[in-house]
There are 2 protein chains.
Amino acid sequence: MVTDSLDGIALLEELDPSQRQELARLCRWRRYAAGEQIIDRQSETRDVFFVVRGQARVVIYSASGREVSLDDITEGGFFGELAALDGAPRSASVMAVSECLVATMSPELFLKIIREQGSVAMQLLWRLAAMVRASTERIVDLSTLGANNRVQAEILRRALEARTDPEGRPVIQPIPVHGEVASRVSTTRETVARVLSDLARRGIVRRERDALLVLDLGRLEVMVSDMAG
Amino acid sequence: MVTDSLDGIALLEELDPSQRQELARLCRWRRYAAGEQIIDRQSETRDVFFVVRGQARVVIYSASGREVSLDDITEGGFFGELAALDGAPRSASVMAVSECLVATMSPELFLKIIREQGSVAMQLLWRLAAMVRASTERIVDLSTLGANNRVQAEILRRALEARTDPEGRPVIQPIPVHGEVASRVSTTRETVARVLSDLARRGIVRRERDALLVLDLGRLEVMVSDMAG
């Protein structure tokens, strides 16, 4: 059986190392290959999943087959908490983006920790508050911006989180996959391709071998804030 | 000074009556007239607001003037918890829909209660989980449905929450205000008016003096589920 430590899980960081060891023993451990589904939206499970290694993506596939991507969970994160909390069906599916090592905890144990460990409850409240804020932002973008503008805003968001090169220019790495950006801002792959070409033609971004270099962050910021009103 | 009891506030329902009395004394109390602003999105406050009487609406006005309505807080509810939790700026504005009696609590006291009272922390977790689920649903609607379809889905949602007449037909009361529905599903007043006329022409709804009567809930459900995929 695969087992590992939960020491890198932010939600549990204020527990004693011995408490985390005990919890690690009570979890089921499993590896998922890149592309493999971890939660099926149709499933009846209520478990919580800790991403010990790798990256996972929360997505909804509409009945018409459209993919709406909601969130990426990176190493040290978790998902599946909504169904564990309220007992209602899964709100979305989750799939492994890269190979993942995941610890699965029963909803009963998860709720027990929240009730007994104030620090965990507090971290979970912050996480849910951040999710509400991110969702609100996206609802406002979807309600007020056109698709082109949403793609520009998403590139800006990634640029602001990216590392910078020695000249201080953001380096978005790896190069954004068109289909991924499309699913993230609810548009088509073609629109993403068109907006990126347009940004390149204007000298705002440049496609490198394995990264998108943002040459003029200031102009990108002005474009995005202009269209927001 | 106006004061009243917090006994009707669901978040605090598992506290002792004496604890609620003590908290009521520590709140600031105020009445707001219908249409008056309670939270300005630009403000620096971090207080939490309990709606003891009346109804409030959480909205964002985009810089271009478009109103995106996010949630309605009814009697016994609360708002303002995000900024109190994470200390970040307000995510939205809140205005009184009807005359409101509101108790305002400092963020310090709110956080103290959450830390010390497990039942309150748990209720707050459920509330935030419900907000995440509702936001996710709206993001998927905005990403996959056209504006007409979103209006139909909103009428269906209200029909399913409405009381029914003796023949079991949902009575949506008061009649939905076009501008309100528009702001709720991110479209124009004109689109809402058009969709409602269309539903009336097909015999699915009927406008009464002070209510919208849903004559054929089954057909409305089929229309909404057809377009979802």
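- Per an unreviewed UniProt entry, chain A goes by Transcriptional regulator, Crp and derives from Pararhodospirillum photometricum DSM 122.

1. Describing the sheet that holds strand β10 (residues 170–172) of chain A
All names here are of chain A.
1) Next: Taken in spatial order, the four strands of this open sheet run β9-β10-β12-β11, and their pairing is antiparallel. In this open sheet, the two edge strands, each paired with only one partner strand, are β9 (163–164) and β11 (205–207).
2) Next: Bridge analysis of β9 against β10 gives two bridges, and the strand direction is antiparallel. Across the sheet, residue Arg 163 finds its bridge partner in β10, namely Val 171.
3) Next: Of the strands in this sheet, β9, β10 and β12 (212–214) touch helix α5 (residues 147–161), which is tilted by about 110° from β10.

2. Overview of the packing of α5(A) against helix α6 (residues 178–185) of chain A
When two helices pack together, you describe them by how their axes are tilted relative to each other and by the distance separating the axes.
Residue and element names in this part refer to chain A.
1) Next: For the pair α5 and α6, the least separation of the axes is 10 Å and the interaxial angle reads 110°. As the angle between them shows, α5 and α6 are arranged roughly perpendicular. Contacts between α5 and α6 pair Arg 150, Val 151, Glu 154 and Arg 158 from the former with Glu 180, Val 181, Arg 184 and Val 185 from the latter.
2) Next: Classifying every residue of the contact of α5 with α6 gives three nonpolar, no polar and five charged.

3. Focus on the interface of chain B and chain A
1) Next: Contacts between chain B and chain A engage 39 residues on the former and 39 residues on the latter.
2) Next: A combined buried area of about 3,400 Å² lies between chain B and chain A, and 75% of that area is made up of carbon and sulfur atoms.
3) Next: Interface area lost by chain B to chain A is led by Leu125(B), Arg133(B) and Ile139(B), which between them contribute 20%.
4) Next: Where chain B packs against chain A, one counts two salt bridges.
5) Next: With a shortest N-O distance of 2.7 Å, Asp86(B) and Arg133(A) are connected by a salt bridge.
6) Next: Joining chain B to chain A, the criterion identifies eight residue pairs in polar contact (both at pLDDT 80 or more).
7) Next: Contributing elements (two or more residues each) for the side of chain B that touches chain A: β5 (67–73), α2 (81–86), α3 (107–116) and α4 (118–144) of chain B.

4. Overview of the packing of α5(A) against helix α7 (residues 189–201) of chain A
All names here are of chain A.
1) Next: Following both chains from N to C, one finds α5 and α7 inclined at 65°, their axes separated by 9 Å at the closest point. Looking at the two axes, α5 sits roughly perpendicular to α7. Crossing hand, α5 versus α7: right-handed. Residues Ala 147, Asn 148, Val 151, Gln 152 and Ile 155 of α5 form the contact with α7, whose participating residues are Thr 191, Val 192, Arg 194, Val 195 and Leu 196.

5. Considerations on the sheet that holds strand β1 (residues 28–32) of chain B
Within a sheet, neighbouring strands are paired by backbone hydrogen bonds and run either parallel or antiparallel to one another.
Residues and elements named next belong to chain B.
1) Next: The strand order across the open sheet built from four strands is β1-β8-β3-β6, with neighbouring strands paired in antiparallel fashion. Both edges of this open sheet fall to β1 and β6 (78–79), since each of them pairs with a single strand only.
2) Next: Bridge count between strand β3 (residues 48–53) and β6: two bridges; the pairing is antiparallel. Within β6, the position partnered with Phe 49 by the bridge is Phe 79.

6. A few points about the environment of Val59(A)
1) Next: Following the sequence through the fold, Val59(A) ends up in strand β4 (residues 56–61).
2) Next: Measuring from C-alpha to C-alpha, the distance between Val59(A) and Leu15(A) comes to 31 Å, with 44 residues separating the pair along the chain.

7. Observations regarding the relation of the copies chain B and chain A
Turning one copy of the chain about an axis and sliding it along that axis gives the other copy, so a rotation and a shift relate them.
1) Next: For the match of chain B to chain A, the screw axis carries a shift of 0.0 Å, the RMSD comes to 0.0 Å, and the turn is 180°. What the superposition gives is, in effect, a two-fold axis relating one chain to the other.
2) Next: A shared interface surface links the copies, since 100% of the contact residues of chain B are contact residues in chain A too.

8. Let's talk about the domain arrangement of chain A
Many authors give the size of an interface as the accessible area that is lost as the parts come together.
All names here are of chain A.
1) Next: By the assigned domains, chain A splits into domain 1 (10–142) and domain 2 (146–227).
2) Next: Of note, the centres of domain 1 and domain 2, computed from C-alpha atoms alone, are 28 Å apart.
3) Next: Between domain 1 and domain 2, the residue contacts involve eleven residues of the former and nine residues of the latter.
4) Next: Taken over both partners, the interface formed by domain 1 and domain 2 buries close to 860 Å², and the fraction arising from carbon and sulfur atoms is 31%.
5) Next: For domain 1, the biggest contributors to the area lost against domain 2 are Arg 66, Asp 141 and Leu 142; these three give 44% of the whole.
6) Next: Linking domain 1 with domain 2 are three salt bridges, by the criterion used here.
7) Next: The tally of links between domain 1 and domain 2 comes to eight residue pairs in polar contact (both at pLDDT 80 or more).
8) Next: Listing elements by their share of the side of domain 1 that touches domain 2, those giving two or more residues are β5 (67–73) and α4 (118–144).
9) Next: If you tally residues by element for the side of domain 1 that touches domain 2, the top one is β5, at five residues.

9. Describing the pattern of salt bridges
All names here are of chain A.
1) Next: The tally for this structure, following the rule as stated, stands at 38 salt bridges over all chains.
2) Next: Residue Asp 141 pairs with Arg 157 through a salt bridge whose shortest N-O separation is 3.5 Å. Of this pair, Asp 141 sits in helix α4 while Arg 157 sits in helix α5; the two residues are 16 residues apart in sequence, bridging distant segments of the chain.
3) Next: Residue classification places Asp 141 among the buried positions, given a relative accessible area of 16%.
4) Next: Among the ionic contacts, a cluster of salt bridges with common partners joins Glu 137, Asp 141, Glu 154, Arg 157 and Arg 158.

Rules used throughout
- Residues numbered from 1 in each chain as written.
- Chains lettered and ligands numbered in written order.
- Predicted model: local features only at pLDDT ≥ 70, side-chain atom pairs only at ≥ 80, totals over all residues.
- Heavy atoms only, no water.
- Pairing = 2+ DSSP bridges.
- Helix = DSSP H or I, 4+ residues; strand = E, 2+ residues; numbered from the N terminus.
- Contact = heavy atoms within 4.5 Å.
- Axes fitted to C-alpha atoms, helices over the stretch in contact; angles between N-to-C directions.
- Parallel < 35°, antiparallel > 145°, perpendicular 65-115°, else oblique.
- Nonpolar A, V, L, I, M, F, W, Y, C, P; charged D, E, K, R; others polar.
- Buried area = accessible area lost by both parts, 1.4 Å probe.
- Salt bridge = Lys/Arg side-chain N within 4 Å of Asp/Glu carboxyl O.
- Polar contact = N/O pair within 3.5 Å; in protein donor to acceptor, adjacent residues only side chain to side chain.
- Left-handed = near helix turned anticlockwise from the far one by under 90°.
- Least-squares fit on C-alpha atoms with pLDDT ≥ 70 in both.
- Domains from an automatic or database assignment.
- Buried < 20%, exposed > 50% of the residue type's maximum accessible area, 1.4 Å probe, protein only.

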